[in-house]
Amino acid sequence: MTRLSVNINKVALIRNARGGNLPDLRKFAIDCEKFGAEGITVHPRPDERHVRFDDIPILKEVVTTEFNIEGYPSKKFIELVISNKPHQVTLVPDPPGVLTSNTGWNTLENQSFLQEVVQEFKQAGIRTSLFLNADITMVEPAASTGTDRIELYTGDYASSEGDERLLQHVETARIAHNMGLGVNAGHDLNLMNLKRYVDSIPSLLEVSIGHALISDALYYGIQNTIGMYKRLTRRI
Ligand code: PXP
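Residues numbered from 1 in each chain as written. Predicted model: local features only at pLDDT ≥ 70, side-chain atom pairs only at ≥ 80, totals over all residues. Heavy atoms only, no water.

Colleague: Which parts of the structure should I look at to understand helix α4 (residues 75–84)?
Modeller: Residues three or four positions apart in an α-helix share a direction because the helix packs 3.6 residues into each turn. Looking at α4, one finds that the buried residues are F77, I78, L80, V81 and N84. Mapping the buried residues of α4 onto a view down its axis gives an arc of 165 degrees, with all of them on the same face. With respect to the buried face of α4, the exposed residues turned more than 90 degrees away are K75 and S83. Lining the buried residues of α4 we find α3 (56–62), β3 (66–71), β4 (88–91) and α5 (111–123). (Buried < 20%, exposed > 50% of the residue type's maximum accessible area, 1.4 Å probe, protein only. Helix = DSSP H or I, 4+ residues; strand = E, 2+ residues; numbered from the N terminus. Arc of directions from axis to C-beta. Contact = heavy atoms within 4.5 Å.)

Below you can see the structure in the form of structure tokens.
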């Protein structure tokens, strides 16, 4: 089964536009779970334009499914995650100020850094996932860091035509799975491209989806939208 984790960063972005507490992120996370979300993902960026660092303990208190925190492992981020103990931390290589996470780690170049950070999280009892491009050469050095999972960056799949990119994802996921790594995926997944991806990768454990899902909720409402996405993650 592939679990649906809803990334609520864009909800925080709307809240931050006015400086008050509308929409209420805490309530939104609770309601997403009530409507069937199997996880809540947040990505506190250094400029806090979306989810803020002080949102994390509030969300930690109410999330009852899987709480996943994504981010670049700066000292501040590591401290935040360890003190709030989510179920999973997803490490991304974003430079500060980047618009969105649009590439995975070069695990060859960053192997010892990642190994150190992964061990720190694992000692704190937090599952780790490394954001990776669908590139088979990055899998073995990722596995050697001791990470539990990888998250495949799906932006290239979403913008591609034909089967070539998808097949690279299938192969990268297969190799990772055979090495004992769990496989997650995310970025630019939507109602049009999700089912094909899920059906192609039987070992896929989790998708985290934010931008398209929150945009769809403007038309369909969040309850319907979560149902629509969830149906696409079920294999017959
Ligand atoms: N995975 C990672 C590592 C991300 O940074 C993001 C965007 O914050 C997502 C998944 C979700 O991407 P999208 O918002 O395009 O669904």
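Colleague: Sorry, what's going on with the sheet that holds β4 here?
Modeller: Through backbone hydrogen bonds, the strands of a sheet pair up, either in parallel or in antiparallel fashion. Strand order around the closed barrel formed by eight strands is β1-β2-β3-β4-β5-β6-β7-β8, with parallel pairing between neighbours. The average undirected angle you get between the axes of adjacent strands in this sheet is 25 degrees. Alignment of strand β6 (residues 149–153) against strand β7 (residues 182–186), held across five bridges, turns out to be parallel. In the strand pairing of β7, I150 is matched with V183. Across the sheet, α4 is in contact with β3 and β4; its angle to β3 comes to roughly 170 degrees. Set on the sheet, α5 makes contact with β4 and β5 (127–132); between it and β5 the angle comes to about 150 degrees. (Pairing = 2+ DSSP bridges. Axes fitted to C-alpha atoms, helices over the stretch in contact; angles between N-to-C directions.)

Colleague: Explain the site of the ligand to me, please; I cannot follow it from the model alone.
Modeller: Neighbouring the ligand are 14 residues, the closest being S101, E151, D188, G210 and H211. At 3.2 Å, a side-chain N or O of E70 approaches a nitrogen atom of the ligand. In this structure, an oxygen atom belonging to the ligand sits 2.8 Å away from a main-chain N or O atom of D188. Protein chains shield 95% of the accessible area of the ligand, which is 390 Å² for the free molecule. Split by residue class, the shell around the ligand holds three nonpolar, eight polar and three charged. (Near = heavy atom within 4 Å. Polar contact = N/O pair within 3.5 Å; in protein donor to acceptor, adjacent residues only side chain to side chain. Areas by Shrake-Rupley, 256 points an atom, 1.4 Å probe, with all protein chains shown as cover. Nonpolar A, V, L, I, M, F, W, Y, C, P; charged D, E, K, R; others polar.)

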